[in-house]
Amino acid sequence: MVKMFLLSNIFTDPERMNQLVSIAQTSLYPMIEGAIQYTIPLTLITFVLGLILAVLTALARLSSIRILQIIARVYVSIIRGTPLLVQLFIIFYGLPNLGVTINPFISAIIGFSLNVGAYASEIIRAAILSIPKGQWEAGYSIGMTYTQALKRIVLPQAARVSVPPLSNTFISLLKDTSLASLILVTELFRKAQEIAAKNYEFLLLYMEAAALYWILCTILSFIQGSLEERLNRYVAK
Amino acid sequence: MINIKNLHKSFGDLEVLKGIDLEVEQGKVIVLIGPSGSGKTTFLRCLNLLEVPTDGTIEIDETVMDFKKPVRKNSITSFRSLTGMVFQSYNLFPHKTALENVMEGPIIVKNIAKHQAKETAAALLTKVGLGEKIDFYPFQLSGGQQQRVGIARALAMEPKVMLFDEPTSALDPELVGDVLQVMKDLAKDEGMTMIVVTHEMRFAREVADEVIFMDEGKIMERGTPEQIFTNPKEARTRKFLNMIQ
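From a predicted model like this one, the values you see are computed outputs, not experimental measurements. (Residues numbered from 1 in each chain as written. Chains lettered and ligands numbered in written order. Predicted model: local features only at pLDDT ≥ 70, side-chain atom pairs only at ≥ 80, totals over all residues. Heavy atoms only, no water.)

> Residue-level account of the overall build of chain A, with values.
When helices and strands are tallied, chain A shows nine helices and zero strands. When the helices and strands of chain A are placed in sequence order, the string is α-α-α-α-α-α-α-α-α. Computed over its C-alpha atoms, the radius of gyration of chain A comes to 23 Å, more than 25% above the 18 Å expected for a compact globule of 237 residues. Based on the C-alpha atoms only, the size of chain A along its principal axes is roughly 75 × 55 × 30 Å. (Helix = DSSP H or I, 4+ residues; strand = E, 2+ residues; numbered from the N terminus. Rg over C-alpha atoms; globule rule 2.2 N^0.38 Å.)

Next up, the structure:
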């Protein structure tokens, strides 16, 4: 009955309709601002740092040095075995107890980078392992060192293999940045919460936030598509 | 040129090479034959140190490696530069064009200027009959063409010895000829020292200075192609030759 009432209210009462449209319009700007100031930079910076961490972790896992393997395993195990939100809370609300206070944005970057690093390291490890041994050997046979063969021969090919799964990670990351609202980063979703707290239009504002995330993710999917096409140019069709 | 003494290689408990002794003079072409599992590929890979032997010594061009002692990584890399390797499955870099495949070693390993490496690479590709294909990616080339890029890639590093690991056995029959021709030219015109694992008996007859029959990790018999193919001494050599001919 209540639902019916609300719906009929929207569609039968032109004034209510206008009010909603106007709220949606005026809240759009702060939300986009939140996205441009925090959501997008947080996603991009974190993804780059996370990827670097992931490559290093994957190489540590694949190295023959025991202690590096163990460090990498423990790191991946802890990050994958604990909730992201708990990790963010430990960094932002927990570390001050040790006298370490980090601002919200930096806390979010640290938390999300550690997270991406752990998840993506498994993707990269699998991608490196998928490159045939003959590629390493061909590199060695023309005099390359391990590092040269890795950088010039194996990683470029592993990159191609890992684009689809890494795109998943990237899109998840973009959406997960909404958790940063809980450690006071005024990103897209936090803006939506703040506005809704004032005017009680929760449904409208959260739907609007959802739509913005969806648009951003759709753009990312397009970029993924063209990136795959570019990286596939040397593969038989 | 090459002097191999008492070469052993084991994988765990499995001894694959059981003491190989071999001397090869400069400019000679040696063809290795033998049943699968006889250790010939492992032997070739030991010369390039893709497999590190467990015992014995290898001397190439006056550089000696003694495998009684543990070998250092950088000595492996420098010793490896004496030999060029051609693989059965080509192992071209799929993300690089034919030209880039050949340029890669000179630029990255030898630090040669890009334009110069490019010139040399193009010349080498022309020599192996691929002057028209330098900008093609491996997937756009036939197996025979890919293998010739593989040969050019190895030659670009100016090795003293070329090692061929069954270079034609992954090829369709009609593509074998071009690859063998390149190898013949390399032997005859350039006087390249070559060790070739192959089942191409005609190639062995025409080009080899010496044919070596390996079985069970040892050299069973060696001689000129004429001796081995028409008058083998060992029963096992005869049996093997009967099976493949």
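Next, the rest of the story.
> Tell me about the pairing of strand β10 (residues 218-223) of chain B, and name the residues and values.
Residue and element names in this part refer to chain B. Pairing between strand β9 (residues 210-215) and β10: five bridges, direction antiparallel. Its bridge partner lying in β10, Phe 213 is registered against Glu 221. Between β9 and β10, which follow one another and run antiparallel, lie two residues, and Glu 216 among them has a positive phi close to 50°. (Pairing = 2+ DSSP bridges.)

> A description of the pattern of salt bridges should follow, citing residues and the corresponding values.
All names here are of chain B. For the structure shown, the criterion picks out 20 salt bridges over all chains. Among the salt bridges present, the one from Asp 61 reaches Lys 160, with a minimum N-O distance of 3.8 Å. Taken as a pair, Asp 61 in the loop between β4 (55-60) and β5 (63-66) and Lys 160 in the loop between α5 (143-155) and β7 (161-165) lie far apart in primary sequence, 99 residues in all. Between Arg 148 and Asp 178 there is a salt bridge whose closest N-O contact spans 3.8 Å. Linking Arg 148 in helix α5 with Asp 178 in helix α6 (residues 173-188), this pair joins segments that are 30 residues apart in sequence. (Salt bridge = Lys/Arg side-chain N within 4 Å of Asp/Glu carboxyl O.)

> Tell me about the side chain of Ser 63 of chain A, residues and numbers included.
Residues and elements named next belong to chain A. With respect to the element layout, Ser 63 can be found in the loop between α2 (14-62) and α3 (66-81). We classify Ser 63 as buried; its relative accessible area is 16%. In terms of polar contacts, Ser 63 uses its side chain to reach the backbone amide nitrogen of Ile 65, at 3.1 Å. With sequence-adjacent residues up to four places away left out, Ser 63 is seen in contact with Leu 68 and Gln 69. (Buried < 20%, exposed > 50% of the residue type's maximum accessible area, 1.4 Å probe, protein only. Polar contact = N/O pair within 3.5 Å; in protein donor to acceptor, adjacent residues only side chain to side chain. Contact = heavy atoms within 4.5 Å.)

> Account for the packing of helix α5 (residues 104-130) of chain A against helix α7 (residues 146-176) of chain A, naming residues and giving values.
Residues and elements named next belong to chain A. For the pair α5 and α7, the least separation of the axes is 8 Å and the interaxial angle reads 150°. By the angle class used here, α5 and α7 are roughly antiparallel. When the axes of α5 and α7 are compared, the crossing they make is right-handed. Contacts between α5 and α7 involve Phe 112, Val 116, Ala 120, Ile 123, Ala 127, Ile 128 and Ser 130 from the first element and Val 154, Leu 155, Ala 158, Val 161, Ser 162, Pro 165, Leu 166, Thr 169, Leu 173 and Asp 176 from the second. For the contact of α5 with α7, the residue count by class is 13 nonpolar, three polar and one charged. (Axes fitted to C-alpha atoms, helices over the stretch in contact; angles between N-to-C directions. Parallel < 35°, antiparallel > 145°, perpendicular 65-115°, else oblique. Left-handed = near helix turned anticlockwise from the far one by under 90°. Nonpolar A, V, L, I, M, F, W, Y, C, P; charged D, E, K, R; others polar.)

> If you had to explain the packing of aromatic side chains to someone new, which residues and values would you point to?
Inspection of every chain in the model, using the stated rule, returns 10 aromatic pairs over all chains. Measuring from ring centre to ring centre gives 5.3 Å for Trp 136 of chain A and Tyr 146 of chain A, while their planes differ by 10°; the resulting arrangement is stacked. One end of the pair, Trp 136 of chain A, is in helix α6 (residues 133-141); the other, Tyr 146 of chain A, is in helix α7, and 10 residues separate them in sequence. Judged by its relative accessible area of 40%, Tyr 146 of chain A is partly exposed. Each ring, one from Tyr 200 of chain A and one from Phe 202 of chain A, has its centre 6.3 Å from the other, and the planes form 65°; the classification is edge-to-face. Overall, the relative accessible area of 62% leaves Tyr 200 of chain A in the exposed class. Among the aromatic residues, ring-to-ring pairing joins Phe 189, Tyr 200, Phe 202 and Tyr 206 of chain A into one connected group. The ring of Phe 11 of chain B carries Lys 9 of chain B above its face, with NZ or CZ at 4.9 Å from the centroid. When the ring centre of Phe 93 of chain B is taken as reference, the NZ or CZ atom of Arg 153 of chain B above it lies at 4.5 Å. (Phe/Tyr/Trp six-rings, centres within 6.5 Å; stacked < 30°, edge-to-face > 60°. Lys NZ or Arg CZ within 6 Å of the ring centre and 35° of its normal.)

> How would you summarise the nonpolar core if you had to cite specific residues and measurements?
Among the nonpolar cores identified, the biggest contains 82 residues, and Phe 112 and Leu 188 of chain A together with Ile 4, Leu 7, Phe 43, Ile 58 and Ile 195 of chain B are the most heavily contacted of them. Contacts of Ile 4 of chain B, omitting those with residues within four sequence positions, involve Ile 20, Asp 21, Leu 22, Phe 43, Leu 47, Thr 57 and Ile 58 of chain B. Formed by 48 residues, the second largest nonpolar core is a distinct cluster that contains Ile 33, Ile 151, Ala 152 and Val 211 of chain B. (Core = buried A, V, L, I, M, F, W, Y, C linked by side-chain atoms within 4.5 Å.)

> Help me get a handle on the sheet that holds β4 of chain B, residues and values and all.
Residues and elements named next belong to chain B. Strand order across the open sheet formed by four strands is β2-β1-β4-β5, with antiparallel pairing between neighbours. Since the sheet does not close on itself, it has two edges, and those belong to β2 (14-24) and β5, each with one partner. Averaged over all pairs of adjacent strands, the angle between their axes in this sheet comes to 20°, without regard to strand direction. Set on the sheet, helix α1 (residues 40-47) makes contact with β1 (2-11), β2 and β4; between it and β1 the angle comes to about 115°. Where helix α2 (residues 73-80) meets the sheet, it contacts β4 and β5, and its direction lies at approximately 135° from that of β5.

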